[in-house]
Amino acid sequence: ICADVRKSLVVYKESIGNPQERQRCLDQIYCVIPHHCGDHSQCKDIKYCRYLSIKTANPEWSEKDINEEVCKSSLRFGGASMDLSEEGKDKLMKILTKRFC
C-alpha cells in the first residue's frame, strides 16, 4: 500500500498545482485499498494495476483466466488479496487521505 501511494505522489510531485493532476493522484490513492482487497472496479491506470493491464491486453479472457494470470505474475503473497472489513477499509482510507482533503 505504501509503495502504491508513494508512486502516485512521486508522479504528482512533478505537477503540483495542476488541479487535474491532483485529482488523478487522489483517484489513484482512493483506489489503492479496494485494489489490494481484490476490487479493481475503481482502477483506471494499467501502470498501477496488473489486473487491469492483463484484462486490457486480453479482452476475450474470462474473469477466472484474468485472476489466474494475475496470481502467476504477482510479486507479493502469491496473488492473495487483503481481507478487510468495511470498517477497516474506511479507517485505512481516512489515514491515507487525511492530508489531501
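The notes below deal with the structure included here. (Residues numbered from 1 in each chain as written. Predicted model: local features only at pLDDT ≥ 70, side-chain atom pairs only at ≥ 80, totals over all residues. Heavy atoms only, no water.)

Residues Val5, Tyr12, Cys25, Ile29, Val32, Ile33, Cys37, Met93 and Leu96 constitute the largest nonpolar core, which totals nine residues. At four residues, the largest contribution of residues to this core is made by helix α2 (residues 19-36). In this structure Met93 touches Ile29, Tyr30, Ile33 and Pro34, once residues within four positions along its chain are discounted. (Core = buried A, V, L, I, M, F, W, Y, C linked by side-chain atoms within 4.5 Å. Buried < 20%, exposed > 50% of the residue type's maximum accessible area, 1.4 Å probe, protein only. Helix = DSSP H or I, 4+ residues; strand = E, 2+ residues; numbered from the N terminus. Contact = heavy atoms within 4.5 Å.)

With that settled, consider the layout of surface pockets. Of the pockets and cavities examined, the second largest pocket occupies roughly 250 Å³. Lining the second largest pocket are 14 residues, with Arg24, Cys25, Gln28, Asp45 and Tyr48 positioned closest to its centre. Of all the elements, α2 adds the most residues to the lining of the second largest pocket, at six residues. (1 Å grid on protein atoms, 1.4 Å probe; cavity = no way out; pocket = protein on both sides within 12 Å on 5 of 7 lines; lining within 4 Å. Points joined across faces, edges and corners; volume = space filled by probe spheres on them.)

Moving on to the pattern of salt bridges. Using the criterion set out here, one finds seven salt bridges in the structure. Glu21 is the salt-bridge partner of Arg24, the closest N and O atoms lying 3.4 Å from each other. Placement of the pair is Arg24 and Glu21 together in helix α2, with a separation of three residues, close to one helical turn. A relative accessible area of 53% means that Arg24 is categorised as exposed. Look at Glu21 and you get buried, because its relative accessible area is 18%. In this structure, Glu69 engages Lys72 in a salt bridge whose closest nitrogen and oxygen atoms are separated by 3.6 Å. With Glu69 and Lys72 both in helix α4 (residues 63-73) and three residues apart, the pair spans about one turn of that helix. The exposed category is assigned to Lys72, whose relative accessible area is 67%. (Salt bridge = Lys/Arg side-chain N within 4 Å of Asp/Glu carboxyl O.)

Take α2 next. End to end, α2 covers 26 Å across 18 residues, agreeing with the expected 26 Å (1.5 Å per residue, within 8%). Taken together, the buried positions of α2 are occupied by Glu21, Cys25, Leu26, Gln28, Ile29, Cys31, Val32, Ile33, Pro34, His35 and His36. Looking at the buried side of α2, the elements it contacts are α1 (2-13) and α5 (86-97). Backbone nitrogen of Gln20 and a side-chain oxygen of the N-cap are separated by 2.9 Å at the start of α2; the cap is Asn18. (Expected span 1.5 Å × (residues − 1). Polar contact = N/O pair within 3.5 Å; in protein donor to acceptor, adjacent residues only side chain to side chain.)

Turning our eyes to something else, we now look at the environment of Asp27. Following the sequence through the fold, Asp27 ends up in helix α2. Taking the C-alpha atoms as reference points, Asp27 and Lys44, 17 residues apart in sequence, are found 8.5 Å from one another.

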